[in-house]
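Listed below are the residues making up each chain.
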Amino acid sequence: AVFGALGAPLHDESLNPQIAVSPGMDRLDLSALVDLGRLASEYVHAPLALGLAVVAEDEDGALSYWALRHAPGQPDFHHAESFALELNEIRA
């Protein structure tokens, strides 16, 4: 289950994000589409913050950790400080 700041599940089922990856010469573009209508009712009008993170493995097997914001210390994508993208658009 995925949980939010209010402590309640965001939804009883997986949010099932639609993810697309497009490699380029010197970059990798990733897009994710999440249906916010699938959120639990507690989150319909609540402010939301999103943490975007990727663990990438290069050809030699070395891992690198990418995120909009890293919390101090070891990589921890579940840390509250990692949720850096605020979704403040008006939702019906």
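Cut-off values and rules
- Residues numbered from 1 in each chain as written.
- Predicted model: local features only at pLDDT ≥ 70, side-chain atom pairs only at ≥ 80, totals over all residues.
- Heavy atoms only, no water.
- Helix = DSSP H or I, 4+ residues; strand = E, 2+ residues; numbered from the N terminus.
- Buried < 20%, exposed > 50% of the residue type's maximum accessible area, 1.4 Å probe, protein only.
- Contact = heavy atoms within 4.5 Å.
- Phe/Tyr/Trp six-rings, centres within 6.5 Å; stacked < 30°, edge-to-face > 60°.
- Polar contact = N/O pair within 3.5 Å; in protein donor to acceptor, adjacent residues only side chain to side chain.
- Patch = residues over 30% accessible without salt bridge, like charges linked within 9 Å, V, L, I, M, F, W, Y side chains within 5 Å.
- Areas by Shrake-Rupley, 256 points an atom, 1.4 Å probe, with all protein chains shown as cover.
- Salt bridge = Lys/Arg side-chain N within 4 Å of Asp/Glu carboxyl O.

**Considerations on the overall build of the protein**
- Along the protein, the regular secondary structure elements total 0 helices and 6 strands.
- Along the protein, from the amino end to the carboxyl end, the secondary structure elements read β-β-β-β-β-β.
- With 92 residues in all, the protein has 12% of them scored as buried.
- Partitioning the intrachain contacts of the protein with sequence separation of at least 6 by distance along the chain shows that 41% fall at a separation of at least 24.

**Some thoughts on the environment of P75**
- The residue P75 is located in the loop between β5 (63-67) and β6 (85-87) in this model.
- The exposure class of P75 is partly exposed, given its relative accessible area of 39%.
- When the C-alpha atoms of P75 and S64 are compared, they prove to be 9.9 Å apart, with 11 residues separating the residues in sequence.

**A look at the packing of aromatic side chains**
- Inspection of every chain in the model, using the stated rule, returns 1 aromatic pair.
- Their ring planes at 45° and their centres at 6.4 Å tell us that Y65 and F77 sit as a pair that is tilted. In this pair, Y65 sits in strand β5 while F77 sits in the loop between β5 and β6, placing the two residues 12 residues apart along the sequence.
- You can call Y65 partly exposed: its relative accessible area is 38%.
- Among the residues examined, F77 registers a relative accessible area of 24% and is labelled partly exposed.

**Topic: the side chain of S82**
- Inspection of the secondary structure puts S82 in the loop between β5 and β6.
- There is a polar contact of 3.1 Å between the side chain of S82 and the backbone oxygen of D76.
- Beyond its immediate stretch of four places on either side in the chain, S82 contacts L50, G51, R69, A71, D76 and F77.

**Examining a nonpolar patch on the surface**
- A cluster of nonpolar side chains, namely I19, V21, L28, L30, V54 and W66, defines an oily patch on the protein surface of about 630 Å² accessible area.
- Taken together, the elements giving at least two residues each to the nonpolar patch come down to β1 (18-23) and β2 (28-33).
- Structurally, the position occupied by I19 is in strand β1.
- Look at I19 and you get exposed, because its relative accessible area is 55%.

So, to be careful, I would describe these as geometric facts and stop short of saying anything about function.
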